[in-house]
Amino acid sequence: AQSVTQPDIHITVSEGASLELRCNYSYGATPYLFWYVQSPGQGLQLLLKYFSGDTLVQGIKGFEAEFKRSQSSFNLRKPSVHWSDAAEYFCAVGPRTNDYKLSFGAGTTVTVRA
Amino acid sequence: GAVVSQHPSWVICKSGTSVKIECRSLDFQATTMFWYRQFPKQSLMLMATSNEGSKATYEQGVEKDKFLINHASLTLSTLTVTSAHPEDSSFYICSAREGQGQVEKLFFGSGTQLSVL
């Protein structure tokens, strides 16, 4: 069965510092991979996705993620965080079909301190 | 950008009552909508997939008589938690897919926190 693990429940980072959020998955075959962000009172917003090709993908808001097949990981990074990056981040995987039945991790809450 | 409106954001109800949660696509037609629930510190779990005009498809372990899903139009899907009990307290979130396009066309509501007393 597929599963998504986000080992870090909560991360606190200083504004301007770098951020890395971990995501590991267990899946029968290489799935589609996603990162979503949810700000308070908002819906989930797609940050980036990996379907195929270059394993380093660029997303919105200065985020990037790297797919590592050997480690079954898809970690999210940002070189310099802004206070507005404080939010909850979800990693998700989905089958290589068009049904978009996504499996989500439990989320990582990011707090940004001044 | 496309917006999915979910209402209410918070609901508190007494045990045994039913609660309806609405999910609306405001500026696009949603051929498919998904309903998820999330327990504290756990993953979003897919409950069911609903296609406009047809019966919802429920994931294994989800009681279809407990969680009634109606997708009567291309812009509205509702989830009714019938005879709610404290164990139904959870965060429910919907998503809506625009057409048959890429995953960029999958949009999420802001969720509903249900508390059953």
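Refer to the structure printed above.
The residue numbers shown here count from 1 along each chain, following its written sequence. To read the labels, note that chains go from A and ligands from 1, taken in the order they are written. Local features in this predicted model are restricted to residues of pLDDT 70 or higher, and side-chain atom pairs are both shown and tallied only at a pLDDT of 80 or more, whereas totals for entire chains, interfaces and linings draw on every residue. In computing side-chain properties, one takes all heavy atoms of the structure into account and sets aside hydrogens as well as water.

Draft legend 1. A look at the pairing of strand β2 (residues 10-14) of chain A. Residue and element names in this part refer to chain A. Residue alternation in β2 divides its side chains into a buried set, Ile11 and Val13, and an unburied set, His10, Thr12 and Ser14. Each pair of strands is called paired provided DSSP finds at least two bridges between the two strands. The helix and strand labels rest on DSSP assignments: H or I over at least four residues marks a helix, E over at least two residues marks a strand, and numbering proceeds from the N terminus. Two elements, β2 and strand β12 (residues 108-113), share five bridges in a ladder whose sense is parallel. For Thr12, the partnering residue across the bridge sits in β12 and is Thr111. Note on classification: 1.4 Å probe, protein chains only; a residue is buried when its accessible area is under 20% of the maximum for its type, exposed when over 50%, partly exposed between these limits.

Draft legend 2. Spotlight on the environment of A:Thr55. All names here are of chain A. Positionally, Thr55 belongs in the loop between β6 (45-50) and β7 (56-58). Sequence separation between Thr55 and Glu20 is 35 residues, and the spatial gap between their C-alpha atoms is 16 Å. Note on contacts: a residue pair qualifies if any of its non-hydrogen atoms lie within 4.5 Å across the two residues. Aside from chain neighbours lying at most four places away, what touches Thr55 is Tyr50, Ala65, Glu66 and Phe67.

Draft legend 3. How the structure looks around the interface of chain B and chain A. Listed by partner, the interface residues are 22 residues for chain B and 21 residues for chain A. Throughout, the accessible surface (probe 1.4 Å) given up by two parts as they are put together, summed over both, is called the buried area. Both sides together, the interface formed by chain B and chain A hides about 1,700 Å², and carbon and sulfur atoms give 60% of it. The salt bridge definition used is simple: a Lys or Arg side-chain nitrogen within 4 Å of an Asp or Glu carboxyl oxygen. The tally of links between chain B and chain A comes to one salt bridge. A:Lys101 is the partner of B:Glu59 in a salt bridge, and the nearest nitrogen-oxygen pair spans 3.1 Å. The term polar contact refers here to a pair of N or O atoms within 3.5 Å; inside protein, the definition further demands a hydrogen-donor-capable atom paired with an acceptor-capable atom, and it admits residues adjacent in sequence only when both atoms are side-chain atoms. Where chain B packs against chain A, one counts three residue pairs in polar contact (both at pLDDT 80 or more). Residue assignment for the side of chain B that touches chain A shows that the elements contributing at least two residues are β4 (30-38), β5 (44-51), β9 (90-98) and β10 (106-108) of chain B. Each residue gets one label: Ala, Val, Leu, Ile, Met, Phe, Trp, Tyr, Cys and Pro are nonpolar, Asp, Glu, Lys and Arg are charged, and the others, such as Gly, are polar. Tallied by class, the residues present in the side of chain B that touches chain A amount to nine nonpolar, nine polar and four charged.

Draft legend 4. Molecular detail of the state of the cysteines. Count a disulfide wherever a pair of cysteine sulfur atoms falls within 2.5 Å. Scanning the model with the defined rule gives two disulfides over all chains in all. The residue that forms a disulfide with A:Cys23 is A:Cys91, at a sulfur-sulfur distance of 1.9 Å. Disulfide A:Cys23-A:Cys91: torsion about the S-S bond near -65°, hence left-handed. With A:Cys23 in the loop between β3 (19-21) and β4 (24-26) and A:Cys91 in strand β10 (residues 87-94), the pair connects residues that are 68 residues apart, well separated along the chain. On the basis of relative accessible area, A:Cys91 is assigned to the buried category, the value being 0%. Paired by a disulfide, B:Cys23 and B:Cys94 hold their sulfur atoms 2.0 Å apart.

Draft legend 5. View of the sheet that holds strand β1 (residues 4-7) of chain B. Residues and elements named next belong to chain B. Here four strands make up an open sheet; going across it, the order is β1-β3-β8-β7 and the pairing antiparallel. Single-partner strands in this sheet number two, and they are β1 and β7 (67-73). Between one strand and the next, the sheet's axes are offset by a mean angle of 15°, whatever the strand orientation. Judged from the four bridges that link them, β1 and strand β3 (residues 19-25) form a sheet pairing that is antiparallel. Its bridge partner being in β3, His7 is matched across the sheet by Glu22. With axes taken as lines fitted to C-alpha atoms, and helix axes fitted only over the stretch in contact, angles between N-to-C directions fall between 0 and 180 degrees.

Draft legend 6. The arrangement of the side chain of B:Lys66 in detail. Residues and elements named next belong to chain B. Tracing the chain through its elements places Lys66 in the loop between β6 (57-58) and β7. On the basis of relative accessibility, which here comes to 12%, the residue Lys66 falls in the buried class. Polar contacts involving the side chain of Lys66 include one to the side chain of Asp88, which spans 2.7 Å.

Draft legend 7. Quick peek at the pattern of salt bridges. Under the counting rule described, the total for this entry stands at seven salt bridges over all chains. Linking B:Glu22 and B:Arg24 is a salt bridge whose minimum nitrogen-to-oxygen distance equals 3.5 Å. Ionic pairing is found between B:Asp88 and B:Lys66, a salt bridge with its closest N-O pair at 2.7 Å. On the criterion of sequence distance, the pair formed by B:Asp88 in the loop between β8 (76-81) and β9 and B:Lys66 in the loop between β6 and β7 is long-range, its members being 22 residues apart. Since its relative accessible area comes to 6%, B:Asp88 is described here as buried. Where salt bridges share partners, they join A:Glu64, A:Glu66 and A:Arg77 into one cluster.

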